[in-house]
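Chains, contacts and geometry: an overview
Here are the chains, one letter per residue:
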Amino acid sequence: MTLVLTVSLSSFAQRGLRVAYIDTEYILENVPEYQEASNQLNTKAEKWKNEIHQKLTAIEQKRKDLSNEKALLTKELINEREEDILFEEQEILDYQQKRFGPNGDLFIQQKQLMQPIQDQIFAAVQDIAAGKSYDMVLDKAEVNMLYSNKAYDISEQILRSITRTAKRNQAQTKAERKAAKEEELIPEINTELEARQKALEEKKAARESAIEKARQEKLAAREAKVKAAEERRKKILEEREKARQAKLEGSDTETKVTEGAGTEKTGTEKTEETEETESEAPKTREQLIEENRQRKLAERAARKKELEEKKKKILEERQKAKDSLNNN
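Thresholds, definitions, all that
Numbering of residues begins from 1 in every chain and follows the order in which that chain's sequence is written. Only residues with pLDDT of at least 70 get local features here, since the model is predicted, and only at 80 or more are side-chain atom pairs given and counted; chain-wide, interface and lining totals rely on the full set of residues. Side-chain calculation: all heavy atoms of the structure are included, whereas hydrogens and water are not. UniProt positions are given in the numbering used here, feature names are shortened, and annotations may be inferred rather than shown by experiment. Secondary structure elements follow DSSP: runs of H or I of four or more residues count as helices, runs of E of two or more count as strands, with numbering from the N terminus. Only protein chains enter the calculation, and the probe is 1.4 Å; a residue is then buried if its accessible area is under 20% of its type maximum, exposed if over 50%, and partly exposed in between. Contacts are assigned to residue pairs that have any heavy atoms within 4.5 Å of one another. What a helix should span is 1.5 Å times the count of its residues minus one. Put simply, two rings from Phe, Tyr or Trp (the six-membered ring, in Trp's case) pair if the centres are within 6.5 Å, and we call them stacked under 30 degrees between planes, edge-to-face over 60, tilted for the rest. Residues grouped as a nonpolar core are buried Ala, Val, Leu, Ile, Met, Phe, Trp, Tyr and Cys residues, joined through side-chain atoms within 4.5 Å.

Under the annotation held in an unreviewed UniProt entry, the chain carries the name OmpH family outer membrane protein and is attributed to Neotamlana sargassicola. Per UniProt, the chain has the following entry under Sequence similarities (unreviewed entry): "Belongs to the Skp family."

Attention now moves to the overall build of the chain. What the chain contains, in helices and strands, is ten helices and two strands. Reading the chain from its N terminus to its C terminus gives the helix and strand order α-β-α-α-α-α-β-α-α-α-α-α. For the chain, the residues scored as buried account for 15% of the 328 residues in total. Here the analysis covers contacts within the chain between residues at least 6 apart in sequence; of these, 76% occur between residues at least 24 apart.

Attention now goes to helix 3 (residues 32-69). If you check helix 3, its first and last C-alpha atoms are 56 Å apart, about what 38 residues at 1.5 Å a residue would give, namely 56 Å. All buried positions along helix 3 are accounted for by Tyr-34, Ser-38, Leu-41, Ala-45, Trp-48, Ile-52, Ile-59 and Leu-66. Of the surrounding elements, those touching the buried residues of helix 3 are helix 2 (24-29), helix 4 (75-100) and helix 5 (105-132).

Bringing the packing of aromatic side chains into the picture now. If you walk through the whole model with that rule in mind, you get one aromatic pair. Judged by centre distance (6.1 Å) and plane angle (80 degrees), the ring pair of Trp-48 and Phe-100 falls under edge-to-face. Of the two residues, Trp-48 sits in helix 3 while Phe-100 sits in helix 4, which places them 52 residues apart along the sequence. The exposure class assigned to Trp-48 is buried, which follows from its relative accessible area of 5%. Residue classification places Phe-100 among the partly exposed positions, given a relative accessible area of 29%.

The next point concerns the nonpolar core. Counting 27 residues, the largest nonpolar core has Ile-22, Ile-27, Tyr-34, Ile-121 and Ile-158 as its most contacted members. Listed by contribution, the elements that provide at least two residues to this core are strand 1 (19-22), helix 2, helix 3, helix 4, helix 5 and helix 6 (155-170). Setting aside its immediate chain neighbours within four residues, Ile-158 contacts Ile-22, Ile-27, Ile-121, Ala-124, Val-125 and Ile-128.

Here it is as structure tokens:
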């Protein structure tokens, strides 16, 4: 056997050994029928586990009850209950072995579930190996592969072959069966083209990432400028408000001084006003503004009254002159 293997390998080496591999786990994960059946089987196994757990919990409770009641029971009753507990426990262990043992229901159903998919994988591998002239097709799930080049992975081709077979089996009309039959079984995979496409996609993604980063930086700079302008505007408004308040306070003070200087009062009135001012609390800004407004209203009324008197006097003089002309 060693000699035959050596001769075979040497002949392969002379013409170039063609090797490929598949990933059975990846293929099974992408077969919908297998996944659906596997989920159903897992649900059933979980149900069996819960049944076993409940029964074991009940037996454990019976042991605790017996331990608490031993002082009240005879030796015969204690032995009888212990035998019952052991019998029930053995039944549960037998049931567990029946469900999860090496030849149990779970193992049998898993084998029944895997067998059709394994047959399809084996048939697809045979077709592809014959069409591509492969000398070996390894299974990554069963071989300890320290390194594997993705270019020799034919799992996708196996998966497509299984999918197409399922489509042909599910075809209802004659046209669907013809289209499925004429569909190419093993499409050629251009690894160089895929590598170039992958490189282009990576460049495109990098370019889009750079554009998005630049856009985010511009937005951040714009927001910073708007925030700085808003702060400057707020500061200017505050300074203007302070200046306006200071101007109003200065105007009120000047008005008060002018009124005091322009008004003639007797010594007694000045003394009384001084005493009254000293006894009163300082006036607020609103009071000063209101006094200023009342003073301006009074001045306006006085000017209006003065204008009315002048107008009346002019009219009287005109009437007198008119009467004098009429008399002459």
